[in-house]
Amino acid sequence: MIGLALVTGVTTAAITAAGYQSMAPTGQWFGRTFTGLPRGIKQLALTYDDGPNDPHTFHLLDVLARHDAQATFFLIGRYVQQRPDIARDIVKAGHIVGNHTFTHPLLTFKSAAEVRQELSDCRSGLEDAIGGSSNSASSSSISNLFRPPFGGRRPGVLRIARQLGLVPIMWNVTGFDWTAPPAEVIEQKVTKQIRGGDVILLHDGGHKEMGADRSQTVLATDHLIAKYKSEACEFKTIPQMLAANP
Ligand SMILES: [Zn+2]
């Protein structure tokens, strides 16, 4: 019985760990994903999920422009279909847009066909809004970057993404801004985790519906850029980070 209990215990631990790894932003068990550069590098990547979102994405674009900072946006396809103009404005401002699926499901519970559909529908939405794709010769700004909703992934999800030419991008600094806490709280959470070379997860939208209040994220962004620029950090897009540090 002791043996059985031990085996059961080990199995439970393994399953729990696997479950954790399927959601942990920096976990690498289920395939390599980019989560940031080596510690100490004076570069930071701001990433915003769940947009486009009126009016907060516009306000965020104003803040980024004021600081001359570039960012990466992981857009939800169905929102892009609703507001292609915002997606175009993001790209026009020189930022990078990536694929955050069409309806924002937890992909770990989806079939291969559903995963494929979610990714290609989002890509179509982006192409309709912005035009071209990363595979074409045009200088389109639709990147081949993909971020799984909720960070949820398993080997099958990453394999399908790669088959579609997509590069999964996770993060190593979490802003915990999805419940819209005050800007100071978001700033504290981020600041505590920064160690250089980081990919910072923030949200300019909400996955449940368009219109989520992200004013505190916008304010926190303003303060964080000012703080880290004063410490000689550069704000890079994910492709810039990947190119400089292959
Ligand atoms: Zn999301």
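Conventions adopted
Note on numbering: residues in each chain are counted from 1, in written sequence order. It should be noted that, the model being predicted, local features are given only for residues of pLDDT at least 70 and side-chain atom pairs only at 80 or more, the latter also being counted only at that level, while totals for whole chains, interfaces and linings use all residues. By convention in this description, side-chain values take in all heavy atoms of the structure and omit both hydrogens and water. Secondary structure is summarised from DSSP: a helix means a run of H or I of at least four residues, a strand means a run of E of at least two, and numbering begins at the N terminus for each. Axis definition: a line fitted to C-alpha atoms, limited for helices to the stretch in contact. Angles are taken between N-to-C directions and run from 0 to 180 degrees. Each angle is binned into one of four classes, with values under 35 degrees roughly parallel, values over 145 roughly antiparallel, values of 65 to 115 roughly perpendicular, and all other values oblique. We call two residues contacting when some pair of their heavy atoms lies within 4.5 Å. Under this grouping Gly is polar, as are all residues other than the nonpolar Ala, Val, Leu, Ile, Met, Phe, Trp, Tyr, Cys and Pro and the charged Asp, Glu, Lys and Arg. Throughout, exposure labels follow a simple rule: accessible area from a 1.4 Å probe, protein chains only, divided by the maximum for the residue type, with under 20% read as buried, over 50% as exposed, and the rest as partly exposed. Whether two strands pair depends on DSSP finding at least two bridges between them. Seen with the strands pointing away from the viewer, any crossover whose path from the first strand over the helix to the second strand runs clockwise is right-handed. In protein, a polar contact requires one atom able to donate a hydrogen and another able to accept it; more generally it is a pair of N or O atoms within 3.5 Å, and residues adjacent in sequence count only if both atoms are side-chain atoms. The salt bridge definition used is simple: a Lys or Arg side-chain nitrogen within 4 Å of an Asp or Glu carboxyl oxygen.

Draft legend 1. Geometry of unusual backbone geometry. The amide bond that connects glycine 51 to the next residue, proline 52, takes the cis arrangement and shows omega of 0°. You can see proline 52 is positioned in the loop between β1 (43-51) and α2 (56-66). A cis amide bond links aspartate 54 to the next residue, proline 55, at an omega of 5°. Its place among the elements puts proline 55 in the loop between β1 and α2. Its identity is not glycine, yet alanine 232 carries a phi of approximately 70°, on the positive side. Along the chain, alanine 232 falls in the loop between α8 (215-230) and β8 (234-235).

Draft legend 2. Highlighting the packing of α2 against helix α4 (residues 84-92). Two elements in contact, α2 and α4, have axes separated by 10 Å at closest approach and are oriented at 10°. By the criterion of interaxial angle, the relationship of α2 to α4 is roughly parallel. Listed contacts from α4 to Thr57, Phe58 and Leu61 of α2 are Asp85, Ile86, Asp89 and Ile90. A breakdown of the residues in the contact of α2 with α4 according to their chemical character gives four nonpolar, one polar and two charged.

Draft legend 3. Focus on the pairing of strand β2 (residues 72-75). Residue alternation in β2 divides its side chains into two sets, Thr72 and Phe74 and Phe73 and Leu75, and both sets are buried. Where β1 meets β2, four bridges bridge the pair, whose relative direction is parallel. Residue aspartate 49 lies in a different strand from β2, and its bridge partner there is phenylalanine 74. Considered for its hand, the β-α-β crossover made up of β1, α2 and β2 is right-handed.

Draft legend 4. Broad picture of the environment of arginine 78. Positionally, arginine 78 belongs in helix α3 (residues 77-82). As for arginine 78 and methionine 210, which are separated by 132 residues in sequence, their C-alpha atoms are 9.9 Å apart. With sequence-adjacent residues up to four places away left out, arginine 78 is seen in contact with Phe102, Thr103, His207 and Lys208. In this structure the side chain of arginine 78 is engaged in a polar contact, spanning 3.5 Å, whose partner is the backbone oxygen of lysine 208.

Draft legend 5. Molecular detail of the pattern of salt bridges. Under the defined criterion, the tally for this structure stands at eight salt bridges. The shortest N-O distance in the salt bridge between lysine 92 and aspartate 89 comes to 3.6 Å. Here the residue lysine 92 and the residue aspartate 89 both occupy positions in helix α4, the gap between them amounting to three residues, near one helical turn. Between lysine 227 and glutamate 231 there is a salt bridge, with the nearest N and O atoms lying 3.2 Å from each other. One continuous salt-bridge network, built from bridges that share partners, spans Asp54, Arg83 and Asp85.

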